[in-house]
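# Notes for the structure review
What follows is the residue order along each chain.
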Amino acid sequence: MASKTPSFRERSILARYVHVEYRGKNNRPKPSAYRRSPGEKYLSVNSLEIHTRNQVAAIYADIFENGNRPVTLTEPMVSNYNARAREVGVTVNYNADDGHWQFDENGIATPAYLHHLKPHNESHCGVEFVRIFDDFKEFQFSIRMVRSRTYKFV
Amino acid sequence: MTANLSLAGKAIVSDVSQFGRILPRPHSFENESDEVTSAVSTTRVIRWIAAPHGSETWDEPFYSAYADELCQQHVLAAFLGAVGWAPGARTTSEPLPKQTHGEESQSAIPDALWPNWEALRRSGLSEQAFNTIFVTAANRSSAGPSDLGPINANSLKCFLEFWGYIGACSAQPEISFSPRGLVQAEWYKNESNFLVVEFRDDGTLFFSLWDNGLPIEGIQTKKRKYELADMFRVRRVNPLLWGD
């Protein structure tokens, strides 16, 4: 299982753990659920091509919630991330030659999604294009993402 | 009251009475002569224990929720102890002791609460909002698995100024803090109608108003933040009334 690599197809789901601080009324995620922590270079997500929803939930329950369940996960598809990025002015294109989503970073075509293999978190991936957002675009992007209504309690 | 409780129940009653003396009750800010004895969350637990529930079996989901809550209160208790709120010695009607230069690096007190304490206690924010600010400040100043940054004092100051201007004619927003510690206030009606304002540490405001699914977004300078509030208030549908 650990050797598997996510494909990041349009309909691939990249789940995002919602920190307990960011669960609003009725467990609705607050906009900050899609903000990077200080020092993070990408938005941490987990590919459901590698782990099941339950496995991802277990990983974050162990890290942040003393193993307590349920935790809240949002489950947008790659296409959702791409669309929301486009809405705030960042274009993510599909490069059919090497099969990657790419964005323009200082004139260089850079992969928009990467697999960041971690011990005990083999499905860990990054949404890379968020690092070219300025603060306001990051704010706009996060608000658009929470409107997606893709959250689940696992 | 505790006669029918299990040992676990009795232990919790003991905890409740212990923490009940230490924790502040934000509601009492409205009446400073009140003796402050307990937090809202603690009161809720006491009510549950005192209620005639007709069963001696321990309610497992409730126990979990309470354990979480108590854990947060331990953080609060540690914080309050650090600022000298010994049981029975102080109430929230008294201002915090002044912080002198050089204490900052050794203090367990979240930085954001020091300069904003007076404004916070007079803000008229709901108990829920106050608790959110207080617990988040305490949690983010303690070591833990979270990599969220401490609350930003300037951002909180900016929010309290804004709230002071609109508070009398606004619903209570949901308050949260961005990973970098900036205050976000959200007036939420439904997914198509909501307003989010983020208060930056330089005093500027990011706002995102969604009216029937259509966004109006922008950045407002520190000097013109009250004009933004006025702009919301004169709209056909005032977003500051969404929520609660």
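About the criteria used
Residues numbered from 1 in each chain as written. Chains lettered and ligands numbered in written order. Predicted model: local features only at pLDDT ≥ 70, side-chain atom pairs only at ≥ 80, totals over all residues. Helix = DSSP H or I, 4+ residues; strand = E, 2+ residues; numbered from the N terminus. Buried ≥ 20, exposed ≤ 12 C-beta atoms within 10 Å, placed from the backbone. Contact = placed C-beta atoms within 7 Å. Axes fitted to C-alpha atoms, helices over the stretch in contact; angles between N-to-C directions. Parallel < 35°, antiparallel > 145°, perpendicular 65-115°, else oblique. Left-handed = near helix turned anticlockwise from the far one by under 90°. Nonpolar A, V, L, I, M, F, W, Y, C, P; charged D, E, K, R; others polar. Core = buried A, V, L, I, M, F, W, Y, C linked by C-beta atoms within 7 Å. Pairing = 2+ DSSP bridges.

Secondary structure summary: chain B contains seven helices and five strands in total. The burial tally for chain B puts 34% of its 244 residues in the buried class.

Looking now at the interface of chain A and chain B. Taken together, the contacts link 20 residues of chain A with 21 residues of chain B. Going through the elements one at a time, helix H1 (53–64) and helix H3 (135–146) of chain A are the ones with two or more residues in the side of chain A that touches chain B.

What follows concerns the packing of helix H2 (residues 78–87) of chain A against H3(A). Residues and elements named next belong to chain A. Contact geometry for H2 and H3: axes closest at 9 Å, N-to-C directions at 140 degrees. Between H2 and H3, the angle is such that the two are oblique. With respect to the hand of their crossing, H2 and H3 are arranged in right-handed fashion. On H3, the residues touching Arg84, Ala85 and Glu87 of H2 are Phe141, Arg144 and Met145. Here the contact of H2 with H3 is composed, by residue class, of three nonpolar, no polar and three charged.

Before going further, it helps to examine the nonpolar core. Leu14(A), Val127(A), Phe159(B), Val183(B) and Phe199(B) are the most contacted members of the largest nonpolar core, which totals 69 residues. Take this core: its biggest share by element is six residues, from helix H6 (residues 153–166) of chain B. What Val183(B) contacts, discounting residues up to four positions off in sequence, is Ser155(B), Leu156(B), Phe159(B), Ile175(B), Phe177(B) and Phe199(B).

With that settled, consider the sheet that holds strand S2 (residues 183–190) of chain B. Pairing within the open sheet is antiparallel, and its five strands lie in the order S1-S2-S3-S4-S5 (chain B). Both outer strands of the open sheet, strand S1 (174–177) and strand S5 (214–220) of chain B, are each paired with one neighbouring strand and no more. When strand polarity is set aside, the average angle formed by the axes of neighbouring strands in this sheet is 15 degrees. Direction of pairing for S1(B) relative to S2(B): antiparallel, over a ladder of four bridges. Counterpart to Ser176(B) in the pairing with S2(B) is Gln184(B). Packing of H3(A) onto the sheet brings it into contact with strand S3 (193–199), strand S4 (205–211) and S5 of chain B, and relative to S4(B) it is tilted by some 30 degrees.

All names here are of chain A. Of the two faces of strand S8 (residues 124–127), both are covered, the one formed by His124 and Gly126 as well as the one formed by Cys125 and Val127. Here four bridges tie strand S2 (residues 43–47) to S8, and the two strands are oriented antiparallel to one another. Each bridged residue has a counterpart across the sheet, and for Leu43 the counterpart in S8 is Val127. Here strand S7 (residues 113–115) pairs with S8 via three bridges, running antiparallel. Among the inter-strand pairings, Leu114 is bridged to a residue of S8, identified as Gly126.

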